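# Survey of secondary and tertiary structure
For reference, the chains in residue letters:
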Amino acid sequence: QVQLVESGGGLVQAGGSLRLSCAASGRVFSISNMGWYRQAPGKQRELAASIDSGGNTNYADSVKGRFTISRSSAKNVVYLEMNSLKPEDTAVYYCNVRTLFLGVSDYWGQGTQVTVSS
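Structural notes, computed from the coordinates.

In terms of nonpolar packing, the biggest core is built from 29 residues, with Leu4, Trp36, Ile69, Val78, Leu80, Met82 and Tyr93 touching the most fellow members. Of all the secondary-structure elements, those providing two or more residues to this core are strand 1 (2-7), strand 3 (18-26), strand 4 (31-39), strand 5 (46-51), strand 7 (67-71), strand 8 (77-82), strand 9 (91-100) and strand 11 (112-117). Non-local contacts of methionine 82, meaning those with residues more than four positions away in its chain, are made with Gly16, Ser17, Leu18, Leu20, Arg66, Phe67, Tyr93 and Val114.

Below, the structure is given as structure tokens:
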């Protein structure tokens, strides 16, 4: 099992910045990919950014050049640095962790609200 604790959401004006953090505990040795998904009201949850155990990153086109995902050296904390925020970035952001131990498992954080005002 893996437990996730998110922090860092909030209200910011357009053009501002926020940093999200997600700390994993438990069976962290089995973590492969870590990522951030987001879900805006009335929309499906979508991937914002992800990073694998080798440090390779993947970004949604809508956040490329503005968001940066990174991972702690111990690889149990994932960060999302969000710059030049836009109102359309407003959503609940969810941390996701994938583990490889006796199969593939996905774990989700509780979600943190990001609101960007125009």
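Right, picking up where we left off after that structure.
A few words now on the packing of aromatic side chains. Scanning all chains against the criterion turns up two aromatic pairs. For the pair phenylalanine 29 and phenylalanine 101, a centre-to-centre distance of 5.7 Å together with 90 degrees between the ring planes defines the contact as edge-to-face. Linking phenylalanine 29 in the loop between strand 3 and strand 4 with phenylalanine 101 in the loop between strand 9 and strand 10 (104-108), this pair joins segments that are 72 residues apart in sequence. When its relative accessible area of 62% is taken as the criterion, phenylalanine 29 is described as exposed. By relative accessible area, phenylalanine 101 is classed as partly exposed at 33%. Between tyrosine 37 and tryptophan 108 the ring centres are 5.0 Å apart and the planes differ by 70 degrees, which places this aromatic pair in the edge-to-face class. Of this pair, tyrosine 37 sits in strand 4 while tryptophan 108 sits in strand 10, placing them 71 residues apart in sequence. One residue, arginine 19, lies across the ring of tyrosine 79, its end atom 4.1 Å from the ring centre. The cationic tip of arginine 45 hangs over the ring face of tyrosine 94; the distance from NZ or CZ to the ring centre is 3.7 Å.

Definitions and cut-offs
- Along each chain, numbering runs from 1 in the same order as the chain's sequence is written.
- For this predicted model, a pLDDT threshold of at least 70 governs which residues receive local features, and a threshold of 80 or more governs which side-chain atom pairs are given and counted, while totals over whole chains, interfaces and linings are taken from all residues.
- Each side-chain value is derived from all of the structure's non-hydrogen atoms; neither hydrogens nor water enter the calculation.
- Grouping buried Ala, Val, Leu, Ile, Met, Phe, Trp, Tyr and Cys residues that are joined through side-chain atoms within 4.5 Å yields what is termed a nonpolar core.
- Between buried and exposed lies partly exposed: a residue is buried under 20% and exposed over 50% of the maximum accessible area for its type, with that area taken using a 1.4 Å probe on protein chains only.
- Secondary structure elements follow DSSP: runs of H or I of four or more residues count as helices, runs of E of two or more count as strands, with numbering from the N terminus.
- In what follows, residue pairs with any heavy atoms lying within 4.5 Å of each other are defined as contacts.
- Between rings of Phe, Tyr and Trp, where Trp is taken as its six-membered ring, a pair exists when centres lie within 6.5 Å; planes separated by under 30 degrees are stacked, by over 60 edge-to-face, and by other angles tilted.
- We count a charge as sitting over a ring when the NZ of a lysine or the CZ of an arginine lies within 6 Å of the ring centre and within 35 degrees of the ring normal.

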